[in-house]
Amino acid sequence: MRPQDDKRLLYSDCFVMRHGESTFNEHNLFCGWVDAPLTPRGEEEAREAASLIGQQDQREVDVVFTSRLSRAAKTALLVCEELGADPGIIKHDWRLNEQLYGALTGLNKAQAMLSFGATQVHRWRRGWAEAPPATLMTECGPLFAPYTTDCNMREMLGCDVDEKSYESGKEGTESFLDMSARVADFWSSQVVPELAAGKRVLVVAHGNVLRALVQRLDGLSQEDVGQLAIPRCAPIHYRFLTTGPVPRPVPTPEAAHGAAHGANSNGARDWPSGSAAASAVTWQTRLLLEPHPLMPAASGGSPPRDKTDKLVLGRYLNSPESMGRKLAEEDTQIKKRI
């Protein structure tokens, strides 16, 4: 067989996805490093995501990375079970844990907006360098950031030394910028070597962690990542060339077709044609240390949006219409609990 006939020698694939619904999602609570388990609905979401991944090229997943929190770890395990993969390929890394939410942990998000103002809560949730407070004063007295690694409350996994040290050093809270640094370190040290070896990788993590990862992969600005929403169990597919010393991102066949016809990578024509070619290609600017040839100029505007006005990046395995329904459904569930 000629090397160019073996796609595994030329390409590597990475799927990234958020965990299924947790009990804290169900009640609209700030979760952070609290080890909230999946709900039955969350388990079903994980199985549905596995079916989408399994439809891609009929190839096996070689390695799965997830956090040390059970909602992500259980999602990863369920995906492996549905794909018929050995659970032994799952690797847990605390750097994929959700953002530390400080004293917001455990609070109802809607109630927090009433108490502290929607603008301030948005800055804590979607800001760049501002960490949620480690202490909050309320009518009932002060609230303090819980130290989740100081108690034996992990459903599936314990805590390691580095994890405890990090949480303690940050006093139970961190900014998006802080979290992005540990995610970048994880990506470079763990995922890049696997991609360089032609492996098929799955990363199962948390909403803010994936916002940081997608920002890195798609070259988003601070403004755009502040608007980015990652639905639960909606896999995003990235493909990389592996013929050089560093994995280089390439268009998927669907993306190349979409770029040529003014459509997005799923064939939809809802997005502005001026940026369709750029959106149809995945790239990894910071890893490559140079702009991707099809990456828009710095002043080229924001990435295109779907009908729900949510950023859609990379190549979602779900259709844009399905993504819109998932986001709208999650919003509706939250509003019902307010």
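This is a predicted model, so every value here is computed, not measured.

Rules used throughout
Residues numbered from 1 in each chain as written. Predicted model: local features only at pLDDT ≥ 70, side-chain atom pairs only at ≥ 80, totals over all residues. Heavy atoms only, no water. Helix = DSSP H or I, 4+ residues; strand = E, 2+ residues; numbered from the N terminus. Expected span 1.5 Å × (residues − 1). Buried < 20%, exposed > 50% of the residue type's maximum accessible area, 1.4 Å probe, protein only. Arc of directions from axis to C-beta. Contact = heavy atoms within 4.5 Å. 1 Å grid on protein atoms, 1.4 Å probe; cavity = no way out; pocket = protein on both sides within 12 Å on 5 of 7 lines; lining within 4 Å. Points joined across faces, edges and corners; volume = space filled by probe spheres on them. Nonpolar A, V, L, I, M, F, W, Y, C, P; charged D, E, K, R; others polar. Salt bridge = Lys/Arg side-chain N within 4 Å of Asp/Glu carboxyl O. Pairing = 2+ DSSP bridges. pLDDT = per-residue confidence, 0-100. Phe/Tyr/Trp six-rings, centres within 6.5 Å; stacked < 30°, edge-to-face > 60°. Lys NZ or Arg CZ within 6 Å of the ring centre and 35° of its normal. Polar contact = N/O pair within 3.5 Å; in protein donor to acceptor, adjacent residues only side chain to side chain. Core = buried A, V, L, I, M, F, W, Y, C linked by side-chain atoms within 4.5 Å.

## Topic: helix α3 (residues 40–54)
Residue pairs three or four apart in sequence face the same way in an α-helix, which turns once every 3.6 residues.
Next up, step 1: Compared with an ideal rise of 1.5 Å per residue, which puts 15 residues at 21 Å, α3 spans 21 Å between its outermost C-alpha atoms and is within 8% of the ideal.
Next up, step 2: Taken together, the buried positions of α3 are occupied by Gly42, Glu45, Ala46, Ala49, Ala50, Leu52 and Ile53. Mapping the buried residues of α3 onto a view down its axis gives an arc of 160°, with all of them on the same face.
Next up, step 3: Next to the buried residues of α3 lie β1 (11–18), α4 (70–83) and β6 (201–205).

## Topic: empty space enclosed by the protein
Next up, step 1: Scanning all chains against the criterion turns up one cavity of 30 Å³ or more.
Next up, step 2: The space that makes up the largest cavity amounts to roughly 40 Å³.
Next up, step 3: Tallied by class, the residues present in the lining of the largest cavity amount to six nonpolar, five polar and one charged.

## Re the pattern of salt bridges
Next up, step 1: Evaluated as defined, the whole model comprises 14 salt bridges.
Next up, step 2: Its salt-bridge partner being glutamate 45, residue arginine 41 comes within 3.5 Å of it at the nearest N-O pair. Of this pair, arginine 41 and glutamate 45 both sit in helix α3, four residues apart, roughly one helical turn.
Next up, step 3: Residue lysine 170 pairs with aspartate 178 through a salt bridge whose shortest N-O separation is 3.5 Å.
Next up, step 4: For aspartate 178, a relative accessible area of 26% corresponds to the partly exposed category.

## Topic: the pairing of strand β5 (residues 141–144)
Next up, step 1: Both strand β4 (residues 135–138) and β5 contribute to a ladder of four bridges, which runs antiparallel. Following the sheet pairing, leucine 136 is matched in β5 by leucine 143.
Next up, step 2: Counting the residues in the hairpin turn of β4 and β5 gives two residues.

## Brief notes about the confidence of the model for the chain
Next up, step 1: The predicted model of the chain averages 74 in pLDDT, with 67% of residues at 70 or higher.
Next up, step 2: Element-level pLDDT for the chain is lowest in helix α13 (residues 285–288), with a mean of 25, against a maximum mean of 98 in strand β2 (residues 63–66).
Next up, step 3: The low-confidence segment residues 1–5, where pLDDT is below 50, has four contacts with residues more than four positions distant or belonging to other chains.
Next up, step 4: Contacts for the low-pLDDT stretch residues 251–314, under 50 throughout, to residues beyond four places or in other chains number 119 contacts.

## Describing the packing of aromatic side chains
Aromatic rings in a pair are described by how distant their centres are and how their planes are angled relative to each other.
Next up, step 1: Summed over the entire model, instances satisfying the criterion amount to eight aromatic pairs.
Next up, step 2: Between phenylalanine 30 and tyrosine 101 the ring centres are 5.1 Å apart and the planes differ by 65°, which places this aromatic pair in the edge-to-face class. Within this pair, whereas phenylalanine 30 is found in the loop between α2 (23–26) and α3, its partner tyrosine 101 is found in the loop between β3 (90–92) and α5 (109–116), the two being separated by 71 residues in sequence.
Next up, step 3: You can call tyrosine 101 buried: its relative accessible area is 6%.
Next up, step 4: What links up through ring pairs into an aromatic cluster is the set Trp33, Trp94 and Tyr166.
Next up, step 5: Over the aromatic face of phenylalanine 30 sits the side chain of lysine 109, whose NZ or CZ is 5.6 Å from the ring centroid.

## Focus: the side chain of glutamate 21
Next up, step 1: You can see glutamate 21 is positioned in the loop between β1 and α2.
Next up, step 2: For glutamate 21, a relative accessible area of 3% translates into the label buried.
Next up, step 3: Within the structure, glutamate 21 has its side chain in polar contact with the side chain of threonine 39 (distance 2.7 Å).

## Description of the nonpolar core
Next up, step 1: The biggest cluster of nonpolar side chains holds 29 residues, and the ones touching the most others in it are Trp187 and Val203.
Next up, step 2: Only β1, β2, α8 (176–196), β6, α9 (207–218) and β7 (236–241) provide two or more residues apiece to this core.
Next up, step 3: The dominant element in this core, judged by the number of residues it contributes, is α8, at eight residues.
Next up, step 4: Counting 20 residues, the second-largest nonpolar core is a separate cluster that includes Ala72, Ala76, Ala85 and Val204.

## Quick word on the side chain of aspartate 93
Next up, step 1: Along the polypeptide, aspartate 93 turns up in the loop between β3 and α5.
Next up, step 2: Side chain to side chain, aspartate 93 and arginine 95 meet in a polar contact 2.8 Å long.

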